[in-house]
Amino acid sequence: MPRLEGLLFPSVAGVAVLSVDVDVESVNVGVKSAAAGHSCPECGGWSTRVHSSYLRFPVDGPVGGRRVRLSLRVRRFVCGNPSCGRRTFVEQIEGLTRRHGRWTERLRTELASVGLALAGRAGARLAGVFGVPVSRSTVLRLVEELPDPVPPAPRVVGVDEHATRKGRVYGTVLVDAETRRPVDLLPDREASSLAAWLAERPGTEVVCRDRAPFFAEGATVGAPHAVQVADRWHLWHNLSEAAERAVARHRQCLRAATPVSGQAVTIEPVAQKEDSDQPWPRGFRFADRTRARHAAVHALLAAGHSRRAVQRQLGMTWRTVKALADAETPEDLFQGQWQNRRSVLDDYKPYLDDRWSEGCTNAWKLWEKIVPLGYKGSYQRVQAYLRLKRTSPQPVTAPPPPRTVAGWIIRRPSALSEAEQLQLKTVLAYCPELDAFTRHVRSFAVMLTERQGQRFPDWLDAVRQDDLPSLHALAAGIDRDRDAVIAGLTLPWNSGVVEGHVNRIKMLKRQMFGRAGFALLRKRVLLAS
């Protein structure tokens, strides 16, 4: 019989194959140990005296689509050490069996790898596909039995928080910024936990973090000689939020600087009702439903109920209750929907405007001209549009929202269209404060992209000389973390790799459907990367 030990058990030494029987569904293999004796698991003494033998049937992974059935002949030895408390013991074949184990070590390793990648439910489904039916709890238990990973001591470590329960419970993830692999998870985001972790690894030279105060304090206490680097993306994000606040403070400037447009506002002709001057008059199901829900929410709030209680009583989501509670009137919730509604006439309005400017103001004749062009709407819609042009021949377009103008300010000038550049130029020419704010933003952008951190003190001094409250608040917060900000604007390190692992942790948590306890989550994060 050919020797099949190396084929069936490539990683197991000292195994002799006695027989191989192959049928349509399975491969039956008789195996025994080729060793002359075995050491006692309690005292370590070597014994060759056989007491008895019996068969074990450990489950192994399938081969060639057939189940593998092992008939393993194991021997029970008598311990020759009189002082040993164990009189007899059963031999275990290293790499193949373990005490009380129902699977081979190879199959156990494969199932644990599947559990690390897919968690319990999906891992159990995959195991059933390749012929090893197990439960989801068994897969998770195999992952939990893996040895705890030993965190290395990175030279450059990235730190960020991840949510175990969003808004309530948070943990800390630490990543080696050089190898881009996670090194450890902490059960909280306290400064003391981070400081203790860093103190145990004195070789840490650089700590990449956001501007959270607990991470700054933990890095200062645990690694006082390490260079702290503030993440550039978070700095730019904070600056963009300050830009939106600054533009919102000068909303009147946007309205005054908005040019007059020759195009009319898009409307939908509706039946005249008692409040038809408001967006979404009564009679629209959406508007009536919104008004009723708004009244119900405010009635419960006035009665002393909390927003969470209102959410439970009305069966709404938290975001819906918050939007209804924050709106003083129902009409505040309609902003943007009325103006952004599309009409079947929109594609033909440029043609109607051209004919109007040429002197053709008869609605019936204009309707007859656009029907051959593909217009499917009614004559009354055309009539209502022209009636609006008669009453308001040059309506003023709505000013751009503050968020849009803030986006123009923080984006590269070359990335703006010609129309956006013209509108931004008009706004900045009308509002000196926003013009100064834009200059500071673009100066900061040059520092950030070209790594000119040495210019940061001069930038702070220039900001303080202008009357820009939104930027002053940001500058004061950044100035308290000056050394880390200068390092972030100078060194190549950042927290981007840490943010990627935070997203990965979210995916791993969702895979486990609420069974992601800290110990299990930590093993999956560290061992499956």
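Rules used throughout
The numbering scheme is per chain: residues are counted from 1 as the chain's sequence reads. Since the coordinates come from a predicted model, pLDDT governs what is reported: local features require at least 70, and pairs of side-chain atoms require 80 or more to be given and counted, while whole-chain, interface and lining totals use all residues. Values shown for side chains rest on all heavy atoms present in the structure; no hydrogens or waters enter the calculation. Secondary structure elements follow DSSP: runs of H or I no shorter than four residues count as helices, runs of E no shorter than two count as strands, and numbering proceeds from the N terminus. In what follows, a contact means two residues having at least one pair of non-hydrogen atoms within 4.5 Å. We call Phe, Tyr and Trp rings a pair once their centres come within 6.5 Å, taking the six-membered ring for Trp, and we label the pair stacked below 30 degrees between planes, edge-to-face above 60, and tilted otherwise. Relative accessibility decides the category of a residue: with a 1.4 Å probe and only protein chains considered, values under 20% of the type maximum give buried, values over 50% give exposed, and everything between is partly exposed. Consider the ring centre and the ring normal. A charge sits over the ring if Lys NZ or Arg CZ is within 6 Å of that centre and within 35 degrees of that normal. For this analysis, a nonpolar core means a set of buried residues of the types Ala, Val, Leu, Ile, Met, Phe, Trp, Tyr and Cys, connected via side-chain atoms within 4.5 Å. Strands are treated as partners if at least two bridges between them are detected by DSSP. Between the N-to-C directions of two axes lies an angle of 0 to 180 degrees, each axis being a line fitted to C-alpha atoms and, for a helix, fitted only over the stretch in contact.

Caption draft 1: Broad picture of the environment of Thr164. Relative to the helices and strands, Thr164 resides in strand β9 (residues 156–165). Each C-alpha atom, one on Thr164 and one on Lys506, is 8.7 Å from the other, the two residues being 342 residues apart in sequence. Other than its neighbours up to four places away in sequence, Thr164 contacts Val169, Tyr170, Gly171 and Lys509.

Caption draft 2: Main features of the environment of His51. Locating His51 in the fold gives a position in strand β5 (residues 50–56). As for His51 and Arg76, which are separated by 25 residues in sequence, their C-alpha atoms are 5.3 Å apart. Excluding its chain neighbours within four sequence positions, the residues that come into contact with His51 are Arg76, Phe77, Val78 and Thr88.

Caption draft 3: Broad picture of the packing of aromatic side chains. The full count for this structure, using the stated rule, is 9 aromatic pairs. The interplanar angle of 75° and the centroid separation of 4.8 Å between the aromatic rings of Phe214 and Phe215 together place this pair among those described as edge-to-face. By relative accessible area, which is 1% here, Phe215 ends up buried. Aromatic ring contacts, followed pair by pair, group Trp236, Phe444, Phe456 and Trp459 into a single cluster. Of note, Arg355 hangs over the ring of Tyr351, and the distance from its end group to the ring centre comes to 4.7 Å.

Caption draft 4: Quick look at the nonpolar core. Residues Phe437, Phe444, Phe456, Trp459 and Leu471 are the most contacted members of the largest nonpolar core, which totals 37 residues. Within the residue set of this core, elements represented by two or more residues are α6 (232–249), α7 (251–256), α14 (402–410), α15 (418–430), α16 (432–450), α17 (456–464), α18 (469–479) and α19 (482–488). Residue contributions to this core peak at 7 residues, all from α16. In this structure, Phe456 is in contact with Phe444, Met447, Ile478, Arg482, Val485, Ile486 and Leu489, ignoring residues within four places of it in sequence. Leu140, Val498, Leu508 and Leu520 belong to the second largest nonpolar core, which has 17 residues in total.

Caption draft 5: Region of interest: the sheet that holds strand β10 (residues 169–176). As summarised here, the arrangement of the 5 strands in space is β11-β10-β9-β12-β13, forming an open sheet in which the pairing is mixed. Where the open sheet ends on each side, the last strands, each with one partner, are β11 (181–186) and β13 (227–230). Between one strand axis and the next, the sheet turns by 30° as a mean value, whatever way the strands run. In terms of strand pairing, strand β12 (residues 206–209) meets β13 through 4 bridges, oriented parallel. Residue Cys208 lies in a different strand from β13, and its bridge partner there is Val229. Taken strand by strand, helix α5 (residues 213–222) contacts β9, β10, β12 and β13, and its axis lies near 140° from that of β9. Helix α20 (residues 496–511) rests against β9, β10 and β11 of the sheet, and its axis sits at about 30° to β9.

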